[in-house]
Amino acid sequence: MSDLHIVVLAAGKGTRMNSAQPKVLHRVAGRPLIDHVLEKAQALAPRSTTVVVGHQAEALMQVLDGRPHLTFVVQEPQLGTAHALLTTESALAQARGTLVLLSGDVPLLSIKTLKTLVDRHTSTAAAATVVTAIVDDPTGYGRIVRTGSSAGEQIARIVEEKDATRAEHAIREINSGIYAFALEGLFEAVRRVASENVQREYYLPDLVAIYRQAGRTVETVIVSNPDEIRGINSRSELAAVSTIVRQEKATQLMDAGVTIEDPATAYIDGDVTVGADTILHPGVFLEGRTTIGSGCEIHSGVRIVDSQIGDRVTILNHCVITGSRVASGASVGPFAHLRSGSDIREGARVGNFVEMKKAVLGAGSKAGHLSYLGDATIGAKVNIGAGTITCNYDGAKKNQTVIGDGAFIGSDTQLIAPVTVGNGAYVGSGTTIREDVPDGSLAVSAGKQRNIEGWVDKKKGKK
Ligand code: UD1
Ligand code: CA
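Sequence order as written defines residue numbering, which begins from 1 separately in each chain. Key to labels: chains lettered from A, ligands numbered from 1, both in the order written. Confidence filtering applies because this is a predicted model: local features only for residues at pLDDT of at least 70, side-chain atom pairs given and counted only at 80 or more, and all residues used for totals across whole chains, interfaces and linings. Only heavy atoms go into the side-chain values, all of them from the structure, while hydrogens and water stay out.

S.K.: Is there a simple way to think about the overall build of the protein chain in this case?
M.R.: For the protein chain, the helix and strand inventory stands at nine helices and 37 strands. C-alpha atoms define the radius of gyration in this analysis, and the globule rule sets the expected value at 2.2 Å times the number of residues to the power 0.38. The C-alpha radius of gyration of the protein chain comes to 31 Å, more than 25% above the 23 Å expected for a compact globule of 463 residues. With respect to the principal axes defined by its C-alpha atoms, the protein chain has extents near 110 × 55 × 45 Å. Burial analysis of the protein chain (463 residues in total) assigns 49% to the buried set. Only DSSP runs of H or I covering at least 4 residues are called helices, and only runs of E covering at least 2 are called strands; the numbering of each starts at the N terminus. Three exposure classes are used, based on accessible area relative to the maximum for each residue type with a 1.4 Å probe and protein chains only: buried under 20%, partly exposed in between, and exposed over 50%.

Structure, rendered in structure tokens:
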């Protein structure tokens, strides 16, 4: 779209969040609120995007650092939404055409609505166009006051809840805080906004009355799904919006063939993909850039972050998997912990109370019980006995363990890295491996067993 500029307001304190961090950095579905808004903004292909920062500007700019095509303007002090827009005047001095104003705390707005807003605004040549919604509970929002009582009447002004009369409180059409403005004459008009209200703030919604009194056209776009324009001012609203986003994600996945036993407890971030015929049991967390193949079964209490899971993988209850890969046909858990860089190859099995980190478990290999496998490369068809530990840390640095294809590591083995166990080698139970084991050999380190007869009675002083 030509001659389109975007301003995102994000300078407010977010008092009602009671938080040490900026409101727009609180997360919905794993991403900061502001990212949801900026993503929608980019879909309009604007000529410029200006973010107004103020309260905790440093923290916010640090998080947004490196995002392309953003200009920051600092609003200090924060005297209200009209004052916030005014701070962008010099940044937009050369800008012509349309300005779309978004709120950093309204994350669910759809791209479709934004496009409708711009179309309506340009086709009617309005001075301002306001996105509104008709809701059951308008508490907390500015109310849309029209010249008459029917919805077809022109918008006259917007009144903030704190300044509204009893009759105005009953109005169920609310201001979303999202607008399109003609840039021509905009800043002159914004300068005319006064702060004569309960909060002593410069309210941007007052621009509506200013334009209407000047005889300029002000249009509205009423969204059909009011959830789209929910603003987040408190932790409760954050939770309510998160629930909506999660439900949408679960519905999308179910439509695409994923079974979700209890969608209300499926915590799946927006970027996660899941293949058809995968079954998600209640209480599963799939986060970040996670991909899950098809035909998998993921049991309750599993958390998977930034990981790639193949097809037909079973993940039993209460596993934590981060930054790892699990290939097709493998099975993991219950109670396994795959830390970053774990690479479970095809058909391999990781059992209960196994922790892995930067470790490959080759195709068809098994580590069934109670092990720590870190900084290790384990070949195919290897059996790792219960209680096997890679002693990868010598107090100064991490060292590698290599185990060849077909090796058999007996239970309670300690592998003091760096060390290599050859292909097909056997390690007896209870062995401490300090030296490399050649291919095909047996390694044992425990001495011959001694039985001392009568020792117990003697100790207890009996005859
Ligand atoms: C605002 C609208 C209200 C609307 C609601 C929709 C005003 C006066 N009221 O109310 O009509 O129904 O949004 O969600 O605009 N901000 C700044 N600088 C400031 C003040 C605010 O950048 O000086 C930013 C905030 O960070 C936030 C946005 O503007 O992103 C809205 O401010 P907020 O205080 O949340 O306004 P509401 O009371 O929600
Ligand atoms: Ca708000």
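There's plenty left to go through after this.
S.K.: How do you make sense of the pattern of salt bridges when you look at a structure like this?
M.R.: Opposite charge on two side chains permits them to pair, given that their charged atoms come into close proximity. Between Lys or Arg on one side and Asp or Glu on the other, a salt bridge is scored when a side-chain nitrogen of the former is within 4 Å of a carboxyl oxygen of the latter. Per the stated rule, a full pass over the model turns up 16 salt bridges. Salt bridges here are not isolated pairs; linked through shared partners, they connect Glu89, Glu188 and Arg191.

S.K.: When you look at unusual backbone geometry in this model, what are you seeing that I'm missing?
M.R.: Across residues other than glycine, the phi torsion is negative in most instances, and most of the peptide bonds are trans. Residues Glu76 and Pro77 are joined by a peptide bond in cis, for which omega reads -5°. As for its placement among the helices and strands, Pro77 is situated in the loop between β5 (70-74) and α3 (81-86). Looking along the chain, the bond that leaves Ala417 and enters Pro418 is cis, with omega of 5°. In this fold, Pro418 is placed in the loop between β33 (414-416) and β34 (419-421). For Asp277, which is not glycine, the phi dihedral falls at a positive 65°. Note that Asp277 resides in the loop between β14 (273-274) and β15 (279-280). Phi angles above zero are rare outside glycine, and His318 is one such case at about 60°. Summarising the element assignment, His318 is placed in the loop between β21 (314-315) and β22 (320-322).

S.K.: Got a minute to help me understand the coordination of the calcium ion (ligand 2) in this structure?
M.R.: Each pair of donors in an ideal octahedron of six around a metal sits at 90 or 180 degrees, and each pair in an ideal tetrahedron of four sits at 109.5 degrees. Listed donor atoms are N, O and S within 2.8 Å of the metal (Na, K and Ca: 3.2 Å). As water is not included, a site may look incomplete. Within the protein, the atoms that donate to the calcium ion (ligand 2) are Asp105 (OD) and Asn233 (OD1), at distances of 2.4 to 2.5 Å. Placement of the pair is Asp105 in the loop between β6 (98-103) and α4 (111-123) and Asn233 in the loop between β11 (218-222) and α8 (235-255), with a sequence separation of 128 residues. No difference in accessibility class separates Asp105 from Asn233, as the two residues are buried.

S.K.: When you look at the packing of aromatic side chains in this model, what are you seeing that I'm missing?
M.R.: In this description, a pair of aromatic rings is defined by centroid distance and the angle of the planes. Here is the rule: rings of Phe, Tyr and Trp (six-membered ring for Trp) pair when centre to centre is within 6.5 Å. Planes less than 30 degrees apart are stacked, more than 60 are edge-to-face, and the remainder are tilted. Tallied over the entire structure, the rule returns four aromatic pairs. Centroid distance Phe335 to Phe353: 5.3 Å. Interplanar angle 10°. Geometry classified as stacked. Taken together, the residues span a long stretch of sequence, with Phe335 in the loop between β24 (331-332) and β25 (337-338) and Phe353 in strand β27 (residues 349-361) at a distance of 18 residues. Any Lys NZ or Arg CZ that is within 6 Å of a ring centre and within 35 degrees of that ring's normal is treated as a charge sitting over the ring. Directly above the aromatic system of Tyr267 lies the positively charged group of Arg246, at a separation of 3.9 Å from the ring centroid. Across the ring face of Tyr393, the terminal group of Lys398 is positioned such that the distance to the ring centre comes to 5.3 Å.

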